[in-house]
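Structural features, examined
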Amino acid sequence: GKIKQEKNIYVASLPGPICIVGSDPFSKQWIQRNYQHLLDMKAMCLIVQAKNQDEADELLQLLPGLIVSAGNGDELADHFHIKHYPVVINERMIFQ
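Okay, so let's go over this structure. Every chain's residues receive numbers from 1 upward, in the order its sequence appears when written. Thresholds applied to this predicted model are a pLDDT of at least 70 for local features of residues and 80 or more for the giving and counting of side-chain atom pairs; totals over whole chains, interfaces and linings are not thresholded and use all residues. As a convention, hydrogens and water are excluded, and side-chain values are obtained from all of the structure's heavy atoms.

Moving on: the side chain of K28. Helix numbering and strand numbering both begin at the N terminus, where a helix is a DSSP run of H or I of at least 4 residues and a strand a DSSP run of E of at least 2. Note on placement: K28 falls in helix 1 (residues 25-40). Only protein chains enter the accessibility calculation, which uses a 1.4 Å probe. A residue is then buried if its area is under 20% of the maximum for its type, exposed if over 50%, and partly exposed in between. A relative accessible area of 18% places K28 in the buried class. Among all residues touching K28, those that are not within four sequence positions of it are S23, E58, L59 and L62. Two residues form a contact once any of their heavy atoms are found within 4.5 Å.

Let us now look at the pattern of salt bridges. Any carboxyl oxygen of Asp or Glu that lies within 4 Å of a side-chain nitrogen of Lys or Arg is treated as forming a salt bridge with it. Evaluation of the coordinates by the stated rule reveals one salt bridge. A salt bridge links K28 to E58; its shortest N-O distance comes to 3.1 Å. You can see K28 sitting in helix 1 and its partner E58 sitting in helix 2 (residues 53-62), a full 30 residues away along the chain.

Moving on to helix 1. One less than the residue count of a helix, multiplied by 1.5 Å, gives the span that helix is expected to have. Taking 1.5 Å per residue as the helical rise, helix 1 with its 16 residues ought to reach 22 Å, and the 23 Å between its terminal C-alpha atoms agrees with that figure. A residue's bend is the angle separating two fitted axes: one through the seven residues that end there, the other through the seven that start there. The largest bend along helix 1 measures about 65° and falls at N34. The secondary structure elements touched by the buried residues of helix 1 are strand 2 (18-21), helix 2 and strand 5 (87-89). With its phi angle positive at about 55°, K42 sits one or two positions after the end of helix 1.

Once that is clear, we can look at the nonpolar core. Ranked by size, the top nonpolar core spans 14 residues in total, and within it C19, W30, L38 and L63 carry the most contacts. With four residues, the top contributor of residues to this core is helix 1. Excluding anything up to four places from it in sequence, L38 contacts C19, W30, A43, L63, L66 and V88. Within the second largest apolar cluster, seven residues are counted, among which are I18, I20, L46 and V48. By nonpolar core is meant a set of buried Ala, Val, Leu, Ile, Met, Phe, Trp, Tyr and Cys residues that side-chain atoms within 4.5 Å join together.

Bridge analysis of strand 2 against strand 3 (residues 44-47) gives four bridges, and the strand direction is parallel. Residue pairing for strand 3: V21 is matched across the bridge by I47. Remark: the strand 2/helix 1/strand 3 crossover connection has right-handed handedness. Crossover handedness is defined here as right-handed if the route from the first strand over the helix to the second strand goes clockwise, with the strands pointing away from the viewer. Taken together, strand 3, helix 2 and strand 4 (residues 67-70) form a β-α-β motif whose crossover is right-handed. Here a strand pair is declared whenever DSSP counts at least two bridges between the two strands.

And the structure:
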């Protein structure tokens, strides 16, 4: 259930924790399990792979109180060497 430490990578340039989520069922379950933790750390969530506005809206409803942005996560994923999402990146480490 809890987010576990995946790698210990120092990411100094981030304004705060970022979570990358998809619109797949696994991402939705992960959001529901980790929502309070995301809220506590004031994570900004980036939605990747939402096929349409309905899917994006569904994710928005799962993330009330958080800054959510839809976008292409490929560049971010490449930068941080991330092959899987959902994931949280903060100043000190990457969680999956």
